Structure formats: C-alpha cells, structure tokens
Amino acid sequence: MAKVALIERELKRDRLVEKYAKKYAELKAISTDAKRSDDERAQARLGLQKIPRNANPTRQRNRCALTGRPRGTYRQFGLGRSKVREMAFEGTIPGVTKASW
C-alpha cells in the first residue's frame, strides 16, 4: 500500500490538471502555432510558465486504484499487476481468465 500522502498528492494533481486544462490547451496551441507572431508566441510561453507546475498533464502518474502502487499499472483496468492477477484468479474481472494450454 502506497503512502496516503502520495495518493493524495496525485489526486491534487488530477484536480489541478482538470482546472487548468482549457487555459493550458489554449496557450499551448498559441505557442506552437507558426502562423502567430513571435511576440504572441513568447507571451503564450510566459503564460504557460505562470500556470502551476502540477497543472501540467505530463506530471500525472498512473496509480493502482486499490493499492496506490505507481508501477506496473494496467491502463485498461486501472489496477496494479498484482491486483489484476489476484482478481483474474478470483474471477472478479469480467472476461479475464487464467491462460492454460
């Protein structure tokens, strides 16, 4: 089980990303648009720097929904590899069975 503080930090990042998503997308589009003037692009880059660091989507980390484990997380299930294995053996994940041949 991951520390509660780390899980809470990740939830805080999720809220910040959601809050600044529209503004971030607008400024990012302006800063990468080659048709805009250099001054406009520079202003957009400055605007991006003023947004909180944790509002950047690349700072988010996928974590297991049950344990909070940061590594070995399956996106499809939102669970860590060990929990996927346990739940697959129990039969609690629909459509997932143990392979045998």
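Above this note sits the structure.
The residue numbering used here restarts from 1 in each chain and proceeds along that chain's sequence as written. Where totals are concerned, whole chains, interfaces and linings use all residues; where local detail is concerned, this predicted model gives features only for residues with pLDDT of at least 70, and gives and counts side-chain atom pairs only at 80 or more. Hydrogens and water are ignored here; the side-chain numbers use all heavy atoms of the structure.

**Observations concerning the overall build of the protein**
In step 1: Comment: elements are numbered from the N terminus, with helices defined as DSSP H or I runs of at least four residues and strands as E runs of at least two. Helix and strand counts for the protein come out as 3 helices and 2 strands.
In step 2: Along the protein, from the amino end to the carboxyl end, the secondary structure elements read α-α-β-β-α.
In step 3: Using C-alpha atoms as the atom set, the radius of gyration is obtained and then compared with a globule rule of 2.2 Å times the number of residues to the power 0.38. Against the compact-globule benchmark of 13 Å for 101 residues, the protein has a radius of gyration of 20 Å, which places it well outside the compact range.
In step 4: Seen through its principal axes, the protein has C-alpha atoms that stretch 60 × 35 × 15 Å.
In step 5: Within the protein, the proportion of its 101 residues that are buried is 22%.
In step 6: The criterion used for residue contact is that any of the two residues' heavy atoms lie within 4.5 Å. Put simply, of all contacts in the protein between residues at least 6 apart along the chain, 38% involve residues at least 24 apart. Residue burial is assigned from relative accessible area. The probe radius is 1.4 Å, only protein chains are included, and a residue is buried under 20% of its type maximum, exposed over 50%, and partly exposed in between.

**Some details on the environment of Arg63**
In step 1: The topology assignment puts Arg63 in the loop between helix H2 (38-50) and strand S1 (73-74).
In step 2: For the pair Arg63 and Ile7, spaced 56 residues apart in the sequence, the C-alpha separation amounts to 8.1 Å.
In step 3: Residue contacts for Arg63: discarding those within four places in its chain leaves Ala2, Leu6, Glu10, Gly68, Arg69, Pro70, Thr73 and Gly78.
In step 4: In this structure the side chain of Arg63 is engaged in a polar contact, spanning 2.5 Å, whose partner is the backbone oxygen of Gly68. Two N or O atoms form a polar contact when they lie within 3.5 Å of each other; inside protein one atom must be a possible hydrogen donor and the other a possible acceptor, and for residues adjacent in sequence the pair counts only when both atoms belong to side chains.

**Remarks on the packing of helix H1 (residues 4-32) against H2**
In step 1: A fitted line through C-alpha atoms serves as each axis, taken over the contacting stretch for helices, and the angle formed by two N-to-C directions is quoted from 0 to 180°. Taken N-terminus to C-terminus, the directions of H1 and H2 make an angle of 145 degrees; their axes are 8 Å apart at the nearest point. Crossing hand, H1 versus H2: left-handed. Listed contacts from H2 to Tyr24, Leu27, Lys28, Ile30 and Ser31 of H1 are Glu40, Arg41, Ala44, Arg45, Gly47 and Leu48.
In step 2: Amino acid classes used here: Ala, Val, Leu, Ile, Met, Phe, Trp, Tyr, Cys and Pro are nonpolar; Asp, Glu, Lys and Arg are charged; the rest, including Gly, are polar. Per-class residue counts for the contact of H1 with H2 are 5 nonpolar, 2 polar and 4 charged. The sense of a crossing depends on the near helix, which, turned anticlockwise from the far helix by less than a right angle, makes the crossing left-handed and, turned clockwise, makes it right-handed.

**Remarks on the packing of aromatic side chains**
In step 1: Note on aromatic pairs: the rings of Phe, Tyr and Trp (six-membered ring only in Trp) are paired at centre separations within 6.5 Å, and the planes decide the class, stacked below 30 degrees, edge-to-face beyond 60, tilted for the rest. Scanning the model with the defined rule gives 1 aromatic pair in all.
In step 2: Relative to Phe77, the ring of Tyr74 has its centre 6.4 Å away and its plane inclined at 55 degrees; by these criteria the two rings are tilted.
In step 3: For Phe77, a relative accessible area of 29% gives the class partly exposed.

**A look at the pattern of salt bridges**
In step 1: A pair is scored as a salt bridge if a Lys or Arg side-chain nitrogen falls within 4 Å of a carboxyl oxygen belonging to Asp or Glu. Applying the stated criterion across every chain, the model contains 4 salt bridges.
In step 2: In this structure, the salt-bridge partner of Glu10 is Arg13, at a minimum N-O distance of 3.4 Å. In this pair, Glu10 and Arg13 are both assigned in helix H1, 3 residues apart and thus about one turn of the helix distant. Grouping residues by exposure puts Glu10 and Arg13 together as buried.

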